[in-house]
Amino acid sequence: MNPPSTGGRLTTHVLDTVHGAPAAGMAIALYVRCDAPDGASAPTWQLLREVVTNADGRVDGPMLAGTDLRCGVYRLVFEVERYFRAKGVALPTPAFLAQVPLEFGVADAQAHYHVPLLASPWAYSTYRGS
């Protein structure tokens, strides 16, 4: 018999495609979109969590898990410029990519949403992982 579900989870990790390694030390902020009750005003974003990736380019534990993960729209903001400058990568001022915001929807709060980022100072890629 399977144990009852305790809810889904949101995880992420970052790969540094310049150095071909995990992006250790990248700051990430997680926001949730709060729609205006009247539906006419612009939505606002509530900061839920700020973290820094570990040596494996991952966060120590899920960004959200269990009942904290709800259906809705979320935004992960990755501090790409700050990370690459700290690694000694020569960047122009202003940098081409300062932050990478990834906005995504959670339709099933019982599922695992893994949102990785592959990043360089000039390009990035993401997908829904497992």
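Residues numbered from 1 in each chain as written. Predicted model: local features only at pLDDT ≥ 70, side-chain atom pairs only at ≥ 80, totals over all residues. Heavy atoms only, no water.

Caption draft 1: Summary view of the environment of Val100. Topologically, Val100 is positioned in strand β8 (residues 100–106). On a C-alpha basis, the gap between Val100 and Gly72 in space is 20 Å, while along the polypeptide they are 28 residues apart. Among residues more than four places away in sequence, those in contact with Val100 are Leu76, Val77, Phe78, Val80, Leu117 and Tyr124. (Helix = DSSP H or I, 4+ residues; strand = E, 2+ residues; numbered from the N terminus. Contact = heavy atoms within 4.5 Å.)

Caption draft 2: Structural view of the sheet that holds strand β1 (residues 9–11). Taken together, three strands build an open sheet; the order of strands is β6-β1-β9 and the sheet is mixed. Each end of this open sheet is capped by a strand with a single partner; those strands are β6 (64–65) and β9 (112–114). In terms of strand pairing, β1 meets β6 through two bridges, oriented antiparallel. Paired with Leu10 across the strands is Leu64, a residue of β6. (Pairing = 2+ DSSP bridges.)

Caption draft 3: Looking closely at the nonpolar core. In this structure, Leu10, Phe78 and Val80 are the most contacted members of the largest nonpolar core, which totals 31 residues. Secondary-structure elements contributing two or more residues to this core are β4 (27–34), β7 (72–78), α1 (80–86), β8 and β10 (117–119). The biggest single contributor to this core is β8, with four residues. Once you skip the residues sitting within four places of it in the chain, Phe78 turns out to touch Thr12, Val14, Met26, Ala27, Ile28, Ala98, Gln99, Val100, Leu102, Val115 and Leu117. (Core = buried A, V, L, I, M, F, W, Y, C linked by side-chain atoms within 4.5 Å. Buried < 20%, exposed > 50% of the residue type's maximum accessible area, 1.4 Å probe, protein only.)

Caption draft 4: Expanded view of the pattern of salt bridges. Applying the stated criterion to the full structure yields five salt bridges. Between Glu81 and Arg85 there is a salt bridge, with the nearest N and O atoms lying 2.9 Å from each other. In this pair, Glu81 and Arg85 are both assigned in helix α1, four residues apart and thus about one turn of the helix distant. Residue classification places Glu81 among the partly exposed positions, given a relative accessible area of 21%. (Salt bridge = Lys/Arg side-chain N within 4 Å of Asp/Glu carboxyl O.)

Structural measurements only, silent on function.
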